[in-house]
Amino acid sequence: MRLYAVVAAGGFRRYATYRVATVAGMFTNTVFGFIMAYTYIALWDERPHLGGYDMSQALTYVWLGQALLMTCAMMGGGFEDELMERIRTGDIAVDLYRPADLQLWWLAGDLGRAAFHLLGRGIVPMVLGALAFDLALPGSPWTWVAFLVSVALGVMVSFGVRFLVALSAFWLMDGAGAMQIAWLAGLFFSGMLLPLNLFPGVLGDVARALPWSSLLQVPADVFLGRYAGWDLAGAYAFQAGWAVALLLAGRLLQSVATRRVVVQGG
């Protein structure tokens, strides 16, 4: 486990190196946060308590989305491009023969990336949003802890989805199409554009049951205090269940791909 802790720390340092990009990212998140905040204000003025949120909660949701956009990689931007390139060039064969688990290696690096983005691109937009608007910030430190646990589970779910998409490059000539589909699904079904509570009927039920809801909708509702007691345990179980299912699916696909590489190499 020490090896993977070192990889995670390396992932954090890797993204911390790009200071100008981080500042530009904070600026972009803040600008889009203001644009979406005023859009939500206009919408909630017309439809108060839409989706069960009051105005303050809706604005809080907006800024949580900006804080978690890169943390949970809702639009990609993590390890997947590099992994797909290694598969395309054949360098993945070297990785598979290393005395380290391929999935755990990339997971550790992605956790380091997520930790950096939460601190580097998450805190500043959230603080600026709180200064400009009346946000519904939790008063209990335990709610903050519960939120961070939910975010960590969301990152695991995000990794599971992106790892599966990246491994598809073993069978596809170019995984860019699969990546674009996953990016669009993540943006829409995470609740980044609109809270999933606003989706009507069957669409809303399906959207909330998909793994992408773990990236923003569930952590945001935890932050807003909509889950407590057994409801909170249920939310965690939902996220953890998807994380385990996706990681197991990724491990199975990795095993199939490994056998394929060994056969071709032999």
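On a predicted model such as this, the values are computed, not experimentally measured, just so you know.

Scoring rules and cut-offs
Residues numbered from 1 in each chain as written. Predicted model: local features only at pLDDT ≥ 70, side-chain atom pairs only at ≥ 80, totals over all residues. Heavy atoms only, no water. Helix = DSSP H or I, 4+ residues; strand = E, 2+ residues; numbered from the N terminus. Salt bridge = Lys/Arg side-chain N within 4 Å of Asp/Glu carboxyl O. Buried < 20%, exposed > 50% of the residue type's maximum accessible area, 1.4 Å probe, protein only. Phe/Tyr/Trp six-rings, centres within 6.5 Å; stacked < 30°, edge-to-face > 60°. Axes fitted to C-alpha atoms, helices over the stretch in contact; angles between N-to-C directions. Parallel < 35°, antiparallel > 145°, perpendicular 65-115°, else oblique. Left-handed = near helix turned anticlockwise from the far one by under 90°. Contact = heavy atoms within 4.5 Å. Nonpolar A, V, L, I, M, F, W, Y, C, P; charged D, E, K, R; others polar. pLDDT = per-residue confidence, 0-100.

(A) Focus on the environment of aspartate 81. Summarising the element assignment, aspartate 81 is placed in helix H4 (residues 80-89). It is 34 Å that separates the C-alpha atoms of aspartate 81 and leucine 224, two residues lying 143 residues apart in sequence.

(B) A look at the pattern of salt bridges. In total, this model carries eight salt bridges according to the counting rule given. Among the ionic pairs, arginine 162 bridges to aspartate 110, the shortest N-O distance being 2.6 Å. Note that arginine 162 is positioned in helix H7 (residues 141-167) and aspartate 110 in helix H6 (residues 102-132), a separation of 52 residues in sequence. Since its relative accessible area comes to 1%, aspartate 110 is described here as buried. Here arginine 208 makes a salt bridge to aspartate 205, at a shortest N to O gap of 3.0 Å. Of the two residues, arginine 208 and aspartate 205 both sit in helix H9 (residues 201-209), three residues apart, roughly one turn of that helix. Look at arginine 208 and you get partly exposed, because its relative accessible area is 31%. Beyond isolated ion pairs, a larger network of salt bridges with shared partners links Glu80, Asp110, Arg113 and Arg162.

(C) Expanded view of the packing of aromatic side chains. Following the criterion strictly, the structure yields 17 aromatic pairs and no others. Both rings, one in phenylalanine 79 and one in phenylalanine 163, keep their centres 6.5 Å apart while their planes meet at 40 degrees; by these two values the pair is tilted. Placement of the pair is phenylalanine 79 in the loop between helix H3 (55-68) and H4 and phenylalanine 163 in helix H7, with a sequence separation of 84 residues. Since its relative accessible area comes to 1%, phenylalanine 163 is described here as buried. With a centroid separation of 5.1 Å and 35 degrees between ring planes, the pair formed by phenylalanine 188 and phenylalanine 199 is classed as tilted. Here phenylalanine 188, found in helix H8 (residues 176-189), pairs with phenylalanine 199, found in the loop between H8 and H9; they are 11 residues apart in sequence, far enough to count as distant. Under the relative-accessibility criterion, phenylalanine 188 is labelled partly exposed at 34%. The rings of Phe34, Tyr38, Trp63 and Phe133 are connected pair by pair, giving a single aromatic cluster.

(D) Region of interest: the packing of H4 against H7. The geometry of H4 relative to H7 is characterised by a closest axis approach of 9 Å and an angle of 25 degrees between their N-to-C directions. If you check the angle between H4 and H7, you find them roughly parallel. In the packing of H4 onto H7, the handedness of the crossing is right-handed. Within the contact between the two elements, H4 uses Glu80, Leu83, Met84 and Ile87 and H7 uses Arg162, Phe163, Ala166 and Leu167. Within the contact of H4 with H7, the residues separate by chemical class into six nonpolar, no polar and two charged.

(E) Spatial organisation of the confidence of the model for the chain. Of the residues in the chain, 97% have a pLDDT of 70 or more, and the chain-wide mean is 88. Averaged pLDDT values for the elements of the chain fall to 78 in helix H5 (residues 92-97) and rise to 95 in helix H10 (residues 217-223).

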